[in-house]
Amino acid sequence: MIFFLKRLTAMVRAYAHHPDPRVAAANMTSLLVASNQPFYPLYLFWLVSADVTAAWFTFLSTPFFLAVPAVARRNSVAGRALLPLAGIGNTMLSAWLFGTASAVEIFLVPCGVIALLVFRPRERVIGLALAALAFGIFLLLHEAYGQPLARYDAVQYAALARLNLLSAGMLTAFVAILFSGILAQTERSADAARHEKTG
């Protein structure tokens, strides 16, 4: 069992690896989201309601998250763009499934943050466009989803909103930690270059 887990971990790391730290960060984030999706129905069952029918439809986005590293190997820009696009699509699907009272639209925030972080300054227009898309989806569709597939009472919706707010907050914090590491690495490289010049 331990051998299997070590081998699985090594395979995941190899799949997520990329020499570009921004691409590697996007890959890790996409695989984290994909690995957590199977647990969402369980969280829903434990914290909200025994009716988790709507949650199964969220797996429609899982292949897109899993595909990010593979796409990034062929085209790093497309791979990085796929991550926030998959997140935005999943958020729209979830808003229709659970309704806006579930506060699931809060996931548009980490989608926008990711879009702004994974692209370099020369690629900024792509990140800005994707972040604007996330913001625009909220403005245009918030009142347009109609009746949700899932029906919960006020107490259950409050529990679901807490779950989504906590999950989106943790995802945003994870992304911030990843990119603070990239920034620290860049600063160390810059310091080393300065020392070589002055040395």
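One numbering rule holds for all chains: residues counted from 1, following each sequence as written. Residue-level local features of this predicted model are given only where pLDDT is at least 70; pairs of side-chain atoms are given and counted only at 80 or more, and the full residue set underlies all totals for whole chains, interfaces and linings. Side-chain metrics rest on all non-hydrogen atoms present in the structure, leaving aside hydrogens and water.

Participant: Teacher, can you tell me more about the pattern of salt bridges here?
Facilitator: In what follows, salt bridge is the name for a side-chain nitrogen of Lys or Arg lying within 4 Å of a carboxyl oxygen of Asp or Glu. Applying the stated criterion to the full structure yields 2 salt bridges. We note a salt bridge from Arg-120 to Asp-20, for which the minimum N-O separation is 2.3 Å. One end of the pair, Arg-120, is in the loop between helix H6 (108-117) and helix H7 (124-141); the other, Asp-20, is in the loop between helix H1 (2-16) and helix H2 (21-36), with 100 residues separating them in the sequence. Salt-bridge contacts for Glu-123 lead to Arg-80; the nearest nitrogen and oxygen are separated by 2.8 Å. Here Glu-123, found in the loop between H6 and H7, pairs with Arg-80, found in helix H5 (residues 76-98); they are 43 residues apart in sequence, far enough to count as distant. Throughout this description, buried means an accessible area under 20% of the type-specific maximum (1.4 Å probe, protein chains only), exposed means over 50%, and partly exposed covers the range between. Residue Arg-80 is classed as buried on the basis of its relative accessible area of 0%. In DSSP terms, a helix is any run of H or I states spanning at least four residues, a strand is any run of E spanning at least two, and both are numbered starting from the N terminus.

Participant: Explanation requested: the packing of aromatic side chains in the structure shown.
Facilitator: Any aromatic ring pair is given by two values, namely how distant the centres are and how the planes are angled relative to each other. Any two of the Phe, Tyr and Trp rings considered here, Trp counted by its six-membered ring, make a pair once their centres fall within 6.5 Å; the pair's planes then place it as stacked at under 30 degrees, edge-to-face at over 60, or tilted in between. Within this structure, the stated rule accounts for 4 aromatic pairs. Geometrically, the ring pair formed by Tyr-40 and Phe-98 is edge-to-face, given 6.1 Å between the ring centres and 75° between the ring planes. Residue Tyr-40 is found in helix H3 (residues 40-47), and its partner Phe-98 is found in helix H5; the two are separated by 58 residues along the sequence. Residue Tyr-40 is classed as buried on the basis of its relative accessible area of 14%. By relative accessible area, which is 0% here, Phe-98 ends up buried.

Participant: How should I be thinking about the packing of H6 against H7 in this particular structure?
Facilitator: The relative placement of two packed helices is expressed as an angle between their axes plus a distance between the axes. To define axes, lines are fitted to C-alpha atoms, for helices over the stretch in contact only, and angles between the resulting N-to-C directions are given on a 0 to 180 degree scale. The N-to-C vectors of H6 and H7 enclose an angle of 170°; their axes lie 7 Å apart at closest approach. The angle between H6 and H7 falls in the class roughly antiparallel. Here H6 runs over H7; the crossing is left-handed. Facing H6, whose interface residues are Leu-108, Gly-112, Ala-115 and Leu-116, H7 presents Gly-127, Leu-128, Leu-130, Ala-131, Ala-134, Ile-137 and Phe-138. Think of it as three bins: nonpolar holds Ala, Val, Leu, Ile, Met, Phe, Trp, Tyr, Cys and Pro, charged holds Asp, Glu, Lys and Arg, and polar takes everything else, Gly as well. Here the contact of H6 with H7 is composed, by residue class, of 9 nonpolar, 2 polar and no charged. Our angle categories are set so that under 35 degrees counts as roughly parallel, over 145 as roughly antiparallel, 65 to 115 as roughly perpendicular, and the remainder as oblique. Here a crossing is taken to be left-handed if its near helix is turned anticlockwise relative to the far helix by less than a right angle, and right-handed if that turn runs clockwise. Any two residues having at least one pair of non-hydrogen atoms within 4.5 Å are treated as being in contact.

Participant: Explain the nonpolar core here, please?
Facilitator: Across soluble globular proteins, nonpolar side chains have a tendency to be buried as a group. Among the buried residues, those of types Ala, Val, Leu, Ile, Met, Phe, Trp, Tyr and Cys that are joined through side-chain atoms within 4.5 Å form a nonpolar core. Grouped together as the largest cluster of nonpolar side chains are 29 residues, with contacts concentrated most on Phe-65, Leu-83, Ile-88, Val-118 and Phe-179. The greatest single-element share of this core, amounting to 6 residues, is contributed by H5. If sequence neighbours within four positions are ignored, Phe-65 has contacts with Ser-30, Val-33, Ala-34, Gln-37, Leu-83, Ala-86, Gly-87 and Asn-90. Residues Leu-44, Ala-54, Ala-150 and Leu-160 belong to the second largest nonpolar core, which totals 14 residues.

Participant: When you look at a nonpolar patch on the surface in this model, what are you seeing that I'm missing?
Facilitator: A contiguous nonpolar surface patch, about 520 Å² in accessible area, is contributed by Met-1, Phe-4, Leu-5, Leu-8 and Val-12. Tracing the backbone through its elements, the reader meets Phe-4 in helix H1. In this structure Phe-4 comes out as exposed when scored by relative accessible area, which is 52%. Residues form patches when they are more than 30% accessible in relative terms and have no salt bridge. Like charges link within 9 Å. Nonpolar side chains (Val, Leu, Ile, Met, Phe, Trp, Tyr) link within 5 Å. Surface exposure here means Shrake-Rupley accessible area, sampled with a 1.4 Å probe, where a residue is shielded only by the protein chains that are shown.

Participant: Would you explain the packing of helix H4 (residues 62-74) against H5 in this entry?
Facilitator: Closest axis-to-axis distance for the H4/H5 pair is 6 Å, and the angle between their directions is 165°. Of the possible angle classes, the one that applies to H4 and H5 is roughly antiparallel. Crossing of H4 against H5: the hand is right-handed. Within the contact between the two elements, H4 uses Phe-64, Phe-65, Ala-67, Val-68, Val-71, Ala-72 and Arg-74 and H5 uses Ser-76, Ala-78, Gly-79, Leu-82, Leu-83, Ala-86, Gly-87 and Asn-90. For the contact of H4 with H5, the class distribution of residues is 10 nonpolar, 4 polar and 1 charged.

Purely spatial values, then, with no claim about function.
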